[in-house]
Amino acid sequence: MLWGIFLAAIVLVFVAVRTFTREVVDVRVAAVNHQNLLSTVSTNGKVEPIEEFQAHAPAPGVVAKVYVQVGQKVKKNDLLIKMNDADAVSRLAAAHAALRSAQVTIQDLEQGGSQEERLGFAGDTNKAKLQQEQTSRDLAALQALHQKGAASASEVAAAQQRLQSANAALQSIQLRSTQRYSPADQARAKAQLNEAKAALAAAQNSYAGVNIRAPFPGTVYSIPVSAYDFVPAGEDLLDVADLNRIQIRAYFDEPEIGKLSIGQAVKIVWDAKPTQTWHGHISRAPTTVITYGTRNVGECIIAVDDARGDLLPNTNVTVTVTTSQRFNVLSIPREALHTEGASDFVYRVMAGKLVRTPVVVGVVNLTRVEITSGLSEKDTVALSATSNRDLANGLAVKAVE
């Protein structure tokens, strides 16, 4: 009994000493208050014009003269670049000659031949008609003499043969003058005419491309060639765009695609002008996932709302999309939120102790978390201990700054 009483006394003394000398942990705390919460997503993008004109060399040749400079504003139909037009003029003249030849061929077909041929046919026809008339009169005379016994039957037959030959010759000449060309000849001539028209149109376009003009008002932002440079066909000569109407092609990682939608506000920053900010909105949200380098991304088009010609094409920018906005909501620092399984909780500081409190979370951004239930504005939550001590329910703590 004495030993039992002695052991019980020792336990009581230990508990009392532990109670009055237990460790108090210093923890950083934060008040639960109302704030505006913005949730954003950032990525990189490239600026590109909405309306752009890229002049290309219509054919191999030499740049004769460049009339503009990079950064110069131009009006519609202003002359930008002139190419050496000797080859274009030659091709245009050859195309005109080929078309005229095809047109003459069609005209000859419709009129039965050329003027010389028609005159020849007319002379041959008149000659054949005279021959026919002469043989017809000779036959009539022989037939009258044969009735009187002054001409033989063989002479009449020979005259009839000569008349048949004259009729056949006249008919042949008439057929040659009226049906000289077959349907195949006519089809071939029409095909040649169409080919000549197409060649002329191509030559005219090529000649028009020699003098390159601005199709709309804009700003010249790239001239990769100089006067007297030889360029192959299709070479880029000059780029013009309306720098007040630009867009940004941005690529967002796959987990962030679901947060994006048309109309969301976007902030744009260019490292070359760090003190300036542009604004825009999403005009086309990602519709599929593509591989971009080593990333799986969604392509997004962002329209720039306040472009003033100071955001240059092909520059790399940083875009930040505001995916959600909540105003005057109850929130805590993100550091104070703990997750275990599917439940969220915080540690409230109450009477010098930590109390584990379940909460319901709303919008989350990089620094703050919206609390829809579980806390009130008068509560204080623990962030972390100033030492390496883990937070736990019932832990004795002291709040520090």
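These figures come from a predicted structure and were not determined experimentally.

Draft legend 1. Just the overall build of the protein, in detail. When you go through the protein residue by residue, the secondary structure sums to five helices and 22 strands. A globule of 401 residues ought to have a C-alpha radius of gyration of about 21 Å, yet the protein, at 49 Å, is considerably larger. Considering only C-alpha atoms, the protein reaches an extent of 190 × 55 × 35 Å along its principal axes. Across the 401 residues of the protein, 33% fall into the buried class. Of the contacts formed within the protein by residues at least 6 apart in sequence, a portion of 75% connects residues at least 24 apart.

Draft legend 2. A look at the sheet that holds strand β7 (residues 211-213). Overall, antiparallel pairing links the four strands, which are arranged β7-β6-β4-β9 in an open sheet. The open sheet has two edge strands, β7 and β9 (230-231), and neither has a second partner. Both strand β4 (residues 61-66) and β9 contribute to a ladder of two bridges, which runs antiparallel. Along β9, the bridge assignment pairs V62 with F230.

Draft legend 3. The packing of aromatic side chains, seen in detail. The final tally for this structure, using the stated rule, is three aromatic pairs. With centroids separated by 6.0 Å and ring planes inclined at 85 degrees, the aromatic side chains of W3 and F6 adopt a geometry described as edge-to-face. Residue W3 and its partner F6 are located together in helix α1 (residues 2-21), separated by three residues, close to a single helical turn. The class for W3 is exposed, based on a relative accessible area of 67%. Residues Y251 and Y292 carry aromatic rings whose centres are separated by 4.2 Å and whose planes lie at 15 degrees to one another, so their mutual orientation is stacked. In this pair, Y251 is assigned in strand β11 (residues 246-253) and Y292 in strand β14 (residues 289-292), connecting sequence segments 41 residues apart.

Draft legend 4. Here's a closer look at the pattern of salt bridges. This model, assessed by the stated rule, comprises eleven salt bridges. Linking R249 and E299 is a salt bridge whose minimum nitrogen-to-oxygen distance equals 3.0 Å. On the criterion of sequence distance, the pair formed by R249 in strand β11 and E299 in strand β15 (residues 295-304) is long-range, its members being 50 residues apart. Linking R295 and D253 is a salt bridge whose minimum nitrogen-to-oxygen distance equals 2.9 Å. Of the two residues, R295 is situated in strand β15 and D253 in strand β11; the sequence distance between them amounts to 42 residues. D253 sits in the partly exposed class, given a relative accessible area of 31%. One continuous salt-bridge network, built from bridges that share partners, spans E48, R249, R284 and E299.

Draft legend 5. Quick look at the confidence of the model for the protein. Per-chain confidence: the protein averages 85 in pLDDT, with 91% of residues scoring 70 or above. Across the protein, strand β12 (residues 265-270) holds the top mean pLDDT of 95, while α1 sits lowest at 72.

Draft legend 6. Focus on the side chain of S384. Relative to the elements of secondary structure, S384 occurs in strand β21 (residues 380-385). A polar atom in the side chain of S384 sits 3.4 Å from the side chain of E335. When neighbours within four sequence positions are excluded, S384 is seen to be in contact with V27, R28, E335 and L391.

Draft legend 7. Expanded view of the sheet that holds strand β5 (residues 73-74). Taking strand neighbours across the sheet as the criterion, the four strands line up as β3-β10-β8-β5 in an open arrangement whose pairing is antiparallel. Whereas interior strands pair on both sides, the edge strands pair on one side only; in this sheet they are β3 (52-56) and β5. In this structure, β5 lies alongside strand β8 (residues 218-222), joined through two bridges in antiparallel fashion. Within the sheet, the bridge partner assigned to K73 lies in β8 and is T219.

Draft legend 8. Structural detail: the nonpolar core. Within the largest apolar cluster, 21 residues are counted, with the highest numbers of intra-cluster contacts made by I268 and V319. Element by element, the count of residues in this core is highest for β11, at four residues. In contact with I268, not counting residues within four places along its chain, are I248, Q276, T277, W278, H279, G280, V304, L311, V317, T318 and V319.

Draft legend 9. Representation of the pairing of β14 in the model. Relative to β15, β14 runs antiparallel, the two being bridged by four bridges. The partner of Y292 across the bridge, within β15, is R295. Between β14 and β15, which pair antiparallel and follow one another directly, the connecting turn spans two residues, one of which, G293, has a positive phi of 70 degrees.

Draft legend 10. Looking closely at unusual backbone geometry. Here N77, not a glycine, exhibits a phi torsion of approximately 75 degrees, which is positive. Relative to the assigned elements, N77 resides in the loop between β5 and β6 (79-83). The partly exposed category is assigned to N77, whose relative accessible area is 48%.

Draft legend 11. Region of the structure containing the environment of V297. Take V297: it is sitting in strand β15. On a C-alpha basis, the gap between V297 and D253 in space is 4.4 Å, while along the polypeptide they are 44 residues apart. The residues contacting V297, other than those within four sequence positions of it, are Y251, F252, D253, E254, I257, T288, V289, I290 and Y292.

Criteria and thresholds
Residues numbered from 1 in each chain as written. Predicted model: local features only at pLDDT ≥ 70, side-chain atom pairs only at ≥ 80, totals over all residues. Heavy atoms only, no water. Helix = DSSP H or I, 4+ residues; strand = E, 2+ residues; numbered from the N terminus. Rg over C-alpha atoms; globule rule 2.2 N^0.38 Å. Buried < 20%, exposed > 50% of the residue type's maximum accessible area, 1.4 Å probe, protein only. Contact = heavy atoms within 4.5 Å. Pairing = 2+ DSSP bridges. Phe/Tyr/Trp six-rings, centres within 6.5 Å; stacked < 30°, edge-to-face > 60°. Salt bridge = Lys/Arg side-chain N within 4 Å of Asp/Glu carboxyl O. pLDDT = per-residue confidence, 0-100. Polar contact = N/O pair within 3.5 Å; in protein donor to acceptor, adjacent residues only side chain to side chain. Core = buried A, V, L, I, M, F, W, Y, C linked by side-chain atoms within 4.5 Å.

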